[in-house]
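One letter stands for each residue in the lines below.
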Amino acid sequence: MNSGEKVKRGALWSVLFAVVSLAWIFPIVLVIINSFKQKAYISRNAFSLPTGKAFVGLENYTRGLDTTNFFASFGWTLLITVGSVALILVCTSMCAWWIVRVNNWAAKLLYTLFLFNMIVPFQMVMFTLSKLADMLKLNTPWGLCFVYLGFGAGLAVFIFTGVVKGIPESLEESAMIDGASVPRIFFQIVVPIMKPSIVSVAILQAMWIWNDYLLPSLVLDQRKYKTVPMAVQYLKGGYGSVDMGAMMGTLVLAIVPIIIFYLFCQRYIIEGVVAGAVKG
């Protein structure tokens, strides 16, 4: 294949992926457009621009904030997301390091169990999980962080194990000869090398936990705690009525933080996942 054909093929792929990207972000653009329209116009023509009488400014946003008690829900969601991601990163990175360096039958069995964790459908355990969470008093935002640790550990350990396999043991042995302790070796030598994969796992887990509706609704005491996805559901009225304007405004407020987080960290995703897959 000559250079001219390579350029043409590259251009075709670029056009194709550009079209796919536009189709992917279109629902988000549609939500933003409708968040500035009266709810009657949203139902009548969801694809029209918010012009004339249809435009209501920030009214949908203010009504959504008041109706859902958004800031309280935002705070609980932020606490759950940050706490869960921090637990997952610390616990699974240390576990993956132990699995690779020990490499005995117990470590291999544990690694297999983590892989099995990725296969089991959530629907198989959700009712048992809800009952167990109530029995162990995990139906709080702090307890939910430990529940997310259990569900997020499989993928994280899989990625981190592949990364640790690519770290030369000689680095750790040299530090140990110099008198470094095990925690110092891990946090000052291993963790900096794992940084791209750590950021990748953090992004993937944060996006999942931030947008998750089912697990918090099963575990949390909804009389006291509501996450943002749960709060959005409370915009539904009786007999199937929905305040579409307030819902669109609330959805925009809910997705903006995670999109900003993703844009800041996206360059680490491919690098980190590939690093874990090559050696895994």
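Being a predicted model, the structure only gives us computed values, none of them experimental.

This structure, assessed with the given rule, holds 14 aromatic pairs. Ring centres of Phe74 and Trp210 lie 5.4 Å apart, and the angle between their planes is 80°; this geometry places the pair in the edge-to-face category. Here Trp210 lies in helix 10 (residues 195-211) and Phe74 lies in helix 4 (residues 70-102), a separation of 136 residues in the sequence. Of the aromatic side chains, those joined through ring pairs into one cluster are Phe70, Phe71, Phe74 and Trp210.

On to empty space enclosed by the protein, then. Considering all chains together, one arrives at one cavity of 30 Å³ or more under this definition. By volume, the largest cavity amounts to about 40 Å³. Taken together, Thr77, Ile80, Thr81, Tyr148, Ile209, Trp210, Asp212, Pro216 and Thr227 form the lining of the largest cavity. Elements that contribute at least two residues to the lining of the largest cavity include exactly helix 4 and helix 10. Examining the composition of the lining of the largest cavity, we find that three residues originate from one element, helix 4, more than from any other. The residue inventory of the lining of the largest cavity, partitioned by class, reads five nonpolar, three polar and one charged.

Let us look at the layout of surface pockets. Rolling a probe over the atoms, with the probe sized like a water molecule, indicates the empty space that remains. Estimates place the volume of the largest pocket at around 490 Å³. Lining the largest pocket are 20 residues, and of these Asn117, Phe122, Gly150, Phe151 and Gly152 lie nearest its centre. For the lining of the largest pocket, the elements supplying multiple residues, two or more each, are helix 5 (105-119), helix 7 (141-165), helix 10 and helix 11 (214-219). For the lining of the largest pocket, the per-class residue count stands at 14 nonpolar, five polar and one charged. Roughly 380 Å³ of internal volume is contained in the second largest pocket. Along the wall of the second largest pocket there are 14 residues; nearest its centre are Ile28, Met207, Ile255, Ile258 and Ile259. Counting residues per element, the ones that place at least two in the lining of the second largest pocket are helix 1 (3-34), helix 10 and helix 13 (244-265).

This part is about the environment of Tyr148. Its location among the elements puts Tyr148 in helix 7. Setting aside anything within four residues of it in sequence, one finds Tyr148 in contact with Ile80, Ser84, Ile88, Trp208, Ile209, Asp212, Leu215 and Pro216.

Positive phi, close to 50°, is recorded for Asn69, a residue that is not glycine. When you line up the elements, Asn69 lands in the loop between helix 3 (59-68) and helix 4. Positive phi is not limited to glycine here, since Lys137 has a value of about 60°. Topologically, Lys137 is positioned in the loop between helix 6 (126-135) and helix 7.

Glancing now at the packing of helix 4 against helix 10. Orientation of helix 4 relative to helix 10, taken along the N-to-C sense of each, is 145°, at an axis distance of 9 Å. The two elements helix 4 and helix 10 cross, and the hand of that crossing is right-handed. Contacts between helix 4 and helix 10 involve Phe74, Thr77, Leu78, Ile80, Thr81, Ser84, Val85, Ile88 and Leu89 on the former and, on the latter, Ile198, Val201, Ala202, Gln205, Ala206, Ile209 and Trp210. Considering only residue class, the contact of helix 4 with helix 10 consists of 12 nonpolar, four polar and no charged.

Helix length check: helix 5, at 15 residues, gives a terminal C-alpha distance of 21 Å against a target of 21 Å (1.5 Å per residue), a fit within 8%. Buried residues of helix 5: Ala107, Tyr111 and Phe114, and no others. Angular distribution of buried residues about the axis of helix 5 spans 55°; they occupy a single face of the element. Of the exposed residues in helix 5, those oriented more than 90 degrees away from the buried face are Trp105, Lys108, Phe116 and Ile119. In this structure, the buried side of helix 5 is in contact with helix 4 and helix 7.

Right, let's talk about the environment of Gln188 for a bit. Residue placement: Gln188 occurs in helix 9 (residues 182-193). Exposure remark for Gln188: the relative accessible area of 53% places this residue in the exposed category. Sequence separation between Gln188 and Ala175 is 13 residues, and the spatial gap between their C-alpha atoms is 9.9 Å.

All right, on to helix 10 then. With 17 residues, helix 10 should reach 24 Å at 1.5 Å per residue; the first-to-last C-alpha distance of 24 Å fits that figure. Judged by how many residues are buried, helix 10 sits mostly within the fold: 12 of 17 residues are covered.

The subject of this paragraph is the pattern of salt bridges. All chains considered together, the criterion is met by three salt bridges. In this structure, the salt-bridge partner of Arg101 is Glu172, at a minimum N-O distance of 2.8 Å. Taken together, the residues span a long stretch of sequence, with Arg101 in helix 4 and Glu172 in helix 8 (residues 169-177) at a distance of 71 residues. Residue Glu172 is classed as buried on the basis of its relative accessible area of 8%. Between Arg223 and Asp221 there is a salt bridge, with the nearest N and O atoms lying 3.1 Å from each other. Owing to a relative accessible area of 76%, Arg223 belongs among the exposed residues under this scheme. Its relative accessible area of 13% is what places Asp221 among the buried residues.

What counts, and at which threshold
- Residues numbered from 1 in each chain as written.
- Predicted model: local features only at pLDDT ≥ 70, side-chain atom pairs only at ≥ 80, totals over all residues.
- Heavy atoms only, no water.
- Phe/Tyr/Trp six-rings, centres within 6.5 Å; stacked < 30°, edge-to-face > 60°.
- Helix = DSSP H or I, 4+ residues; strand = E, 2+ residues; numbered from the N terminus.
- 1 Å grid on protein atoms, 1.4 Å probe; cavity = no way out; pocket = protein on both sides within 12 Å on 5 of 7 lines; lining within 4 Å.
- Points joined across faces, edges and corners; volume = space filled by probe spheres on them.
- Nonpolar A, V, L, I, M, F, W, Y, C, P; charged D, E, K, R; others polar.
- Contact = heavy atoms within 4.5 Å.
- Axes fitted to C-alpha atoms, helices over the stretch in contact; angles between N-to-C directions.
- Left-handed = near helix turned anticlockwise from the far one by under 90°.
- Expected span 1.5 Å × (residues − 1).
- Buried < 20%, exposed > 50% of the residue type's maximum accessible area, 1.4 Å probe, protein only.
- Arc of directions from axis to C-beta.
- Salt bridge = Lys/Arg side-chain N within 4 Å of Asp/Glu carboxyl O.

Note that all results are geometric; they support no functional claim without further evidence.
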